[in-house]
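Below are the chains, spelled out letter by letter.
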Amino acid sequence: MLRRRLINWISQNGRYFTSASKYKSSICLENIYPGSSLNILRSVQKPAGDGTNFTGYVPIEQLKVSYSMASGPGGQNVNKVATKVDVRFHLKNAQWIPEALKEKILEQNPNRITKDGYFVMKSDLTRSQQLNLADALEKIRTVIKAAAFVPAPVTEETLEKIRKRSSA
Amino acid sequence: MTSSGVDKALSLVRNLPRISFNNLRDSVGKRKPRERCRGRYGGKTHGCGQKGSEQRQAYMRLGHEGGQTPFYMRFSKEPYYKGWHLQREYLPISLHRIQMLIDTGRLNPEEPIDVTQICNTKLFKLDPRKKQYGFQITDEGADCFDAKINLEVQYAPEHVIAAVEKNGGIITTAFYDVMSLQAAVDPEAFFKRGVPIPKRMLPPHDALVQYSDPKQRGYLADPDKIAEERFILSQKYGYELPELSQDPLKDMLLRRKDPRQVFYGLMPGCFVSLRDKKVFAPKDEELKRFYEIN
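What you see is a predicted model, and the numbers here were worked out from it, not measured in a lab.

Under the UniProt annotation, the feature "domain: Prokaryotic-type class I peptide chain release factors" (unreviewed entry) is placed at residues 58-147 of chain A. Counting secondary structure, residues 58-147 of chain A comes out at 39% helix and 20% strand; the distance between its end C-alpha atoms is 16 Å.

Given below as structure tokens:
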């Protein structure tokens, strides 16, 4: 209420109001970050993969997210609040996963793929829908990263050690 | 026309010289001369009592209880007490509560919501003198939060930031030192004091890191980096960042205080006269330099 009154008086002293709204002290953001755009809403470029590596970027709009009630103890809360999260996407049609990784994902996670070819990830880790969604996405990223994992080539020294060990 | 008492008083104020130390005086009876210990009633023991350590001026140290373990030594020093007097407290408000305040019309989502607005609801008791430095938002009710607001608080965890930004809002964490907070918490009482609006001080060095961190949406962080963090958080929590560039409330959402400002639309160093409904800005060069007014 006071704020409304204040706005009314200040708008009457229009010249003063404009100078106050343009007030820039010595520690304003323009002085602290001289080279910055200072635009909090600037569009951020999505990380572009090179076709073989998974960057970690998941296009949320291409996932099918559904919510349901979780199981286990919890009384009225667990019976009524839809905190369990089910995230699905069609693996073959997912353009954000490099083609080379899709075979590996199929191999390593046969239990996660449905007959129709949908990759399914569920989470009911926490009491919060949003945190469960974050958990599901984290698990998806882990699965894809595990498929993308290429162990380091065995070095000459290691081979030598193994040969020595077996011969001794 | 007979001049009334008010007119006489006003003419006095107009004609009398400026107040300074050479024309000020204490009220009568406020300063009494010290009574010396002389004569029949002030003499003999001269206010020092009878015998003992007190008359002999051999006082025991403060807190000494004659040998009994004194109060200040009865309790062991614990490491978790260290720095307790320097600890800052932030009163928690849940997102559920904020949503309820907006739904019931106590908070206006079309104006920036800061400490002053939350305190103006008169539902929260924030006392800067009790080392309470502001509000923190907890994540209770994050699942059903759907208000688009420009929120400025003192601390918010990641989940809360995600919940606010998911709905197209903007959240900032800002620091208010004790003097500025006292003004912000009760602006009406502050203006009635007739004291110029203070310039907000920088946070103490242990809090400076937090308030310069784009991850915590600090008010001293680079907005460029905050834009990046907004995207990262949207990827983490699984939502699409709403497009705000064409939003009609964009200007309100982007509205931010200068790090030295306490109130939106008011510069430090200004007086606000509620009675005259006027705002007085400093004109003196030294004051302008101090309050960083260009």
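Looking now at the nonpolar core. Among the nonpolar cores identified, the biggest contains 59 residues, and Phe-135 and Ile-197 of chain B are the most heavily contacted of them. Considering every element that reaches this core, the biggest residue donor is helix 6 (residues 158-166) of chain B, with five residues. Of all hydrophobic cores here, the second largest spans 23 residues; its members include Val-58, Val-87, Leu-91 and Met-121 of chain A.

With that settled, consider the packing of aromatic side chains. According to the stated counting rule, one finds 13 aromatic pairs over all chains in the structure shown. When the ring of Phe-124 of chain B is compared with that of Phe-135 of chain B, the centres are 5.8 Å apart and the planes differ by 70 degrees; the resulting orientation is edge-to-face. In this pair, Phe-124 of chain B is assigned in the loop between helix 5 (115-120) and strand 2 (132-138) and Phe-135 of chain B in strand 2, connecting sequence segments 11 residues apart. What makes Phe-135 of chain B buried here is its relative accessible area of 1%. Of the aromatic side chains, those joined through ring pairs into one cluster are Phe-54, Phe-89, Trp-96 and Phe-119 of chain A. Taking the ring centre of Tyr-176 of chain B as reference, the NZ or CZ of Arg-200 of chain B above it sits at 4.3 Å. Lying across the ring of Tyr-264 of chain B, Lys-257 of chain B places its NZ or CZ 4.9 Å from the centre.

Turning our attention to the state of the cysteines. All names here are of chain B. Applying the stated rule across the entire model yields zero disulfides over all chains. In this model Cys-37 remains outside any disulfide bridge; the closest cysteine sulfur is found in Cys-48, 7.5 Å from its own. On the basis of relative accessible area, Cys-37 is assigned to the partly exposed category, the value being 29%.

The next thing to look at is helix 6 of chain B. An α-helical turn contains 3.6 residues, so any two residues separated by three or four positions project in the same direction. Counting buried residues in helix 6 of chain B gives seven out of nine residues, a clear majority hidden from the surface. All of the buried residues along helix 6 of chain B are His-159, Val-160, Ile-161, Ala-162, Ala-163, Val-164 and Glu-165 of chain B. The inward-facing, buried residues of helix 6 of chain B abut helix 6 (129-148) of chain A together with helix 4 (95-103), strand 2, strand 4 (170-173) and helix 10 (223-237) of chain B. In the stretch just after helix 6 of chain B, Gly-168 of chain B is the one whose phi turns positive, near 90 degrees.

Another aspect to go through is helix 7 (residues 178-185) of chain B. Listed as buried for helix 7 of chain B are Ser-180, Leu-181, Ala-183, Ala-184 and Val-185 of chain B. In this structure, the buried side of helix 7 of chain B is in contact with helix 5, strand 2 and helix 8 (187-193) of chain B.

Below, the discussion takes up the sheet that holds strand 3 (residues 118-123) of chain A. All names here are of chain A. As summarised here, the arrangement of the three strands in space is 1-2-3, forming an open sheet in which the pairing is antiparallel. The strands lining the two open edges of the sheet, one partner per strand, are strand 1 (64-68) and strand 3. Strand after strand, the sheet turns through a mean of 20 degrees between neighbouring axes, direction not considered. Where strand 2 (residues 84-90) meets strand 3, six bridges bridge the pair, whose relative direction is antiparallel. Bridge assignment links Val-87 to a residue of strand 3, and that residue is Met-121. Along the sheet, helix 6 contacts strand 1, strand 2 and strand 3; its crossing angle with strand 3, the most-contacted strand, is approximately 135 degrees.

Rules and cut-offs
Residues numbered from 1 in each chain as written. Chains lettered and ligands numbered in written order. Predicted model: local features only at pLDDT ≥ 70, side-chain atom pairs only at ≥ 80, totals over all residues. Heavy atoms only, no water. UniProt positions renumbered as here; feature names shortened; annotations may be inferred. Helix = DSSP H or I, 4+ residues; strand = E, 2+ residues; numbered from the N terminus. Core = buried A, V, L, I, M, F, W, Y, C linked by side-chain atoms within 4.5 Å. Buried < 20%, exposed > 50% of the residue type's maximum accessible area, 1.4 Å probe, protein only. Phe/Tyr/Trp six-rings, centres within 6.5 Å; stacked < 30°, edge-to-face > 60°. Lys NZ or Arg CZ within 6 Å of the ring centre and 35° of its normal. Disulfide = S-S within 2.5 Å. Contact = heavy atoms within 4.5 Å. Pairing = 2+ DSSP bridges. Axes fitted to C-alpha atoms, helices over the stretch in contact; angles between N-to-C directions.

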